[in-house]
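The chain contents come next:
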Amino acid sequence: MIAERDIATSVAPGAKPAPSGPPPLTVENVTKRFGEGPTALTAVDSVSFTLDAGEFVSVIGPSGCGKSTLFHVIGGLSDVTQGIVRVENETINGPHPAVGIVFQEESTFPWRNVIDNVAFPLELRGVSRSERHAAASHYIDMVGLHGFEKRLPSELSGGMRQRVSIARTLAAKPRILLMDEPFAALDEQTRLLLGDKVLQIQQQLKQTTLLITHSITEAVQLSDRILIMSYRPGRIKRIVNVDLPRPRTSDVVSSPEFGAIVADIWADLREEASRGLQESERGQG
Amino acid sequence: MAATTRVTAAPARLNLSVSAIRVIGAVVILGIWQLLALSGLFFRDVVPPLQNIAGGLIKLLGSGAFYANLAVTGFELILALAIGGIAGLVVGLLLGSRALLSDAYESWLSYLGPTPKIILFPVMIMLFGVDSGSKIAMGAISCFFPIAISVAAGMRGVDPTLRRVGRSLQANSWQMFFKIELPAMAAPLVNGVRLGFGVAVIGTLLAETKLSNQGIGFMIINAYTRFDMPQMYALLIVTITFAAVVNAFAERIAKRFGGAGSGRKP
């Protein structure tokens, strides 16, 4: 059995102590509602999970399942209606300095060249120019943009700009990396190749990462665990462990094990996605 | 190889023809002017011949009085831009960042913006006197509106994702403004200042022509009253050239910022 079935009916808080120190991220019974009364929309409903140090976890679900809402809540950019998000045992109340965020949208500063974009978090902390440029160069090399330091974002492709954003977030040395569909706007080939880049970085930094995505292949390619979310209200429907060996590359997509996990996840997701599709069609009709 | 040469040659030829057309246009206009001047259709100096205007221009640029008046107008303009610009910046930032204030007051700005400010001139004379004070006030009021409106729009136009990046990286409000919001709205800001400069020149010069004893506006109206047409045209040429040069300069800056601000490929 490659994927271990594990129906997640809200894990009891604090049930699983992390191997060493407090878990980097704990999400406890988080609910997010928009609006009041009968028209209120529950985007995220009693979601609980814990990230272990160095673990790569993906949250996957159909559009409208509340995964982006969950991302904003964990990033501290949006309040919870109920529940608690803890970063290293500290209840968050706004963006936490240990959490680095990579956004789905374009987020490079168009007036700054690549190196000054990547050095931005260090500039905010008052690090000297030479020091922060040295640090930025390191992360620029890591995402494979060596030689593009002086280019403006407008001179780069979409995939390259997203790598600049990733390097910028890494330069802040976050202990938890939170990514919201960072490759959603890119074509499939570029996504797979950038996935390789993320795998390499993961290998190098042992970075605890939570990835929000709607791409099954991306989730299976990158993750240790995958949380499947249901369509409205967004709940964790199932947790899938990905036991594919590491180090991985995008070659893994052609292995039969990979195919089996993807098929298994799709069986679950299809149900949710079609429910979402039906509801949105009814909404329009 | 051949393709490259053709590609590079085409724009060069285009540039040449654009300048050629411009030169032809200027020559034609000047020619018509000169013909009208020599035709005797107009009363005396209403359309003076080109050589008289050139003479007036030389005489003007050689006179100390011109530079003294230019200094007065320049001083008024700089103060008007500083006062109206800072007020416009502050009001624009408030309106652009507070939706409630914007809902309440921004329509006032857009209704008052295009109304002729010259009607306020008598009030300004009473408040600030007949000297530079009232001219500065006119210039400041004029440039306040376009600057406030552009800054408010610019502030609202700042990409919310960029602000979120700042928040997620724990930027304080100072850093948020100077490192994210201000550079993100550089293009509308520079454009607002450019528009503001234009209307400040109008407001100041118009006020000088109405009631004054110094400044370029006064010199123009004075030359007109004395029916010294060569000098009046010389002054008009100097003023138009000055405004055009400043505008071209500001447009270059705006383009530079605009290029950086909107140069995102889809």
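Position numbers for residues start from 1 in each chain and track the written sequence from start to end. By the order in which they are written, chains take letters starting at A while ligands take numbers starting at 1. Reporting in this predicted model follows two pLDDT cut-offs: at least 70 for local features of residues, and 80 or more for side-chain atom pairs to be given and counted; totals over whole chains, interfaces and linings ignore these cut-offs and use all residues. Values reported for side chains reflect all heavy atoms of the structure, with hydrogen atoms and water molecules removed beforehand.

A. Structural context of the domain arrangement of chain B. Residue and element names in this part refer to chain B. For the domain bounds, the source is a domain assignment made automatically or taken from a database. For chain B, the assigned domains read domain 1 (30–62) and domain 2 (64–256). Inter-centroid distance (C-alpha atoms) of domain 1 to domain 2 is 34 Å. Taking both sides of the interface into account, the surface hidden between domain 1 and domain 2 amounts to around 1100 Å²; carbon and sulfur atoms contribute 75%. The largest per-residue losses of area from domain 1 upon contact with domain 2 belong to Ile53, Leu60 and Leu61, which jointly make up 44% of the total buried on that side. Here a salt bridge means any side-chain nitrogen of Lys or Arg lying within 4 Å of a carboxyl oxygen belonging to Asp or Glu. Counting every contact that joins domain 1 to domain 2 gives zero salt bridges. Whenever two N or O atoms come within 3.5 Å, that pair is a polar contact, provided that in protein one can donate a hydrogen and the other can accept it, and provided that, for residues adjacent in sequence, both atoms are side-chain atoms. Connecting domain 1 to domain 2 are two residue pairs in polar contact (both at pLDDT 80 or more). We count a stretch as a helix when DSSP gives it H or I for four or more residues in a row; a strand needs E for two or more, and each element gets its number in order from the N terminus. With six residues, the top contributor of residues to the side of domain 1 that touches domain 2 is helix α2 (residues 50–61). All residues other than Ala, Val, Leu, Ile, Met, Phe, Trp, Tyr, Cys, Pro, Asp, Glu, Lys and Arg, Gly among them, are scored as polar; the first ten of these are nonpolar and the last four charged. Within the side of domain 1 that touches domain 2, the residues separate by chemical class into eight nonpolar, three polar and two charged. Put simply, buried area is how much 1.4 Å-probe accessible surface two parts lose in total, over both of them, once they are put together.

B. Geometry of the pattern of salt bridges. Tallied over the entire structure, the rule returns 17 salt bridges over all chains. Linking Asp264 of chain A and Arg238 of chain A is a salt bridge whose minimum nitrogen-to-oxygen distance equals 2.5 Å. Of this pair, Asp264 of chain A sits in helix α8 (residues 256–284) while Arg238 of chain A sits in strand β10 (residues 236–241), placing them 26 residues apart in sequence. Each residue is assigned to one of three classes by its accessible area relative to the maximum for its type, calculated with a 1.4 Å probe on protein chains only: buried under 20%, partly exposed between the two thresholds, exposed over 50%. With a relative accessible area of 1%, Arg238 of chain A lands in the buried category. Across the salt bridge formed by Arg238 of chain A and Asp268 of chain A, the nearest N and O atoms sit 2.6 Å from each other. Taken together, the positions of Arg238 of chain A in strand β10 and Asp268 of chain A in helix α8 put the pair 30 residues apart, joining distant regions of the chain. No difference in accessibility class separates Arg238 of chain A from Asp268 of chain A, as the two residues are buried. Within the structure, one salt-bridge network assembled from shared partners comprises Arg112, Glu123 and Arg132 of chain A together with Lys179 of chain B.

C. Representation of unusual backbone geometry. Residues and elements named next belong to chain A. The backbone of Ser46 shows a phi angle near 45°, a positive value even though the residue is not glycine. Position of Ser46 relative to the elements: it lies in strand β2 (residues 41–51). Its identity is not glycine, yet Asn89 carries a phi of approximately 70°, on the positive side. Among the secondary structure elements, Asn89 is positioned in the loop between β4 (82–87) and β5 (90–91).

D. Representation of the interface of chain A and chain B. Residue contacts are defined here by distance: any two heavy atoms, one from each residue, within 4.5 Å place the two residues in contact. Contact residues are listed per partner, giving 27 residues for chain A and 20 residues for chain B. Around 2200 Å² of area is buried between chain A and chain B when both sides are counted, 62% of it from carbon and sulfur atoms. At the junction of chain A and chain B, the tally comes to one salt bridge. A salt bridge links Lys179 of chain B to Glu123 of chain A, with the shortest nitrogen-to-oxygen separation between them at 2.7 Å. Between chain A and chain B we count three residue pairs in polar contact (both at pLDDT 80 or more) in total. Contributing elements (two or more residues each) for the side of chain A that touches chain B: β6 (99–102), α3 (120–124) and α5 (158–171) of chain A. Partitioning the side of chain A that touches chain B into residue classes produces 14 nonpolar, six polar and seven charged.

E. How the structure looks around the packing of aromatic side chains. Aromatic rings from Phe, Tyr and Trp, taking only the six-membered ring of Trp, are treated as a pair when their centres fall within 6.5 Å; an angle between ring planes under 30 degrees marks them as stacked, one over 60 as edge-to-face, and anything in between as tilted. Evaluation of the coordinates by the stated rule reveals 10 aromatic pairs over all chains. Both rings, one in Phe109 of chain A and one in Trp111 of chain A, keep their centres 5.3 Å apart while their planes meet at 40°; by these two values the pair is tilted. In this structure Phe109 of chain A comes out as buried when scored by relative accessible area, which is 0%. On the numbers, 5.1 Å between centres and 65° between planes, the contact of Tyr105 of chain B with Trp108 of chain B is edge-to-face. Of the two residues, Tyr105 of chain B and Trp108 of chain B both sit in helix α4 (residues 99–112), three residues apart, roughly one turn of that helix. Overall, Tyr105 of chain B belongs to the partly exposed group, its relative accessible area being 40%. Exposure remark for Trp108 of chain B: the relative accessible area of 53% places this residue in the exposed category. Here a set of aromatic residues connected by ring pairs shows up, and it is made of Phe109, Trp111 and Phe120 of chain A. Against the face of Phe109 of chain A rests Arg168 of chain A, its NZ or CZ located 5.0 Å from the ring centre. Put simply, a charge is over a ring when the Lys NZ or the Arg CZ is close to the ring centre, within 6 Å, and near the line of the ring normal, within 35 degrees.

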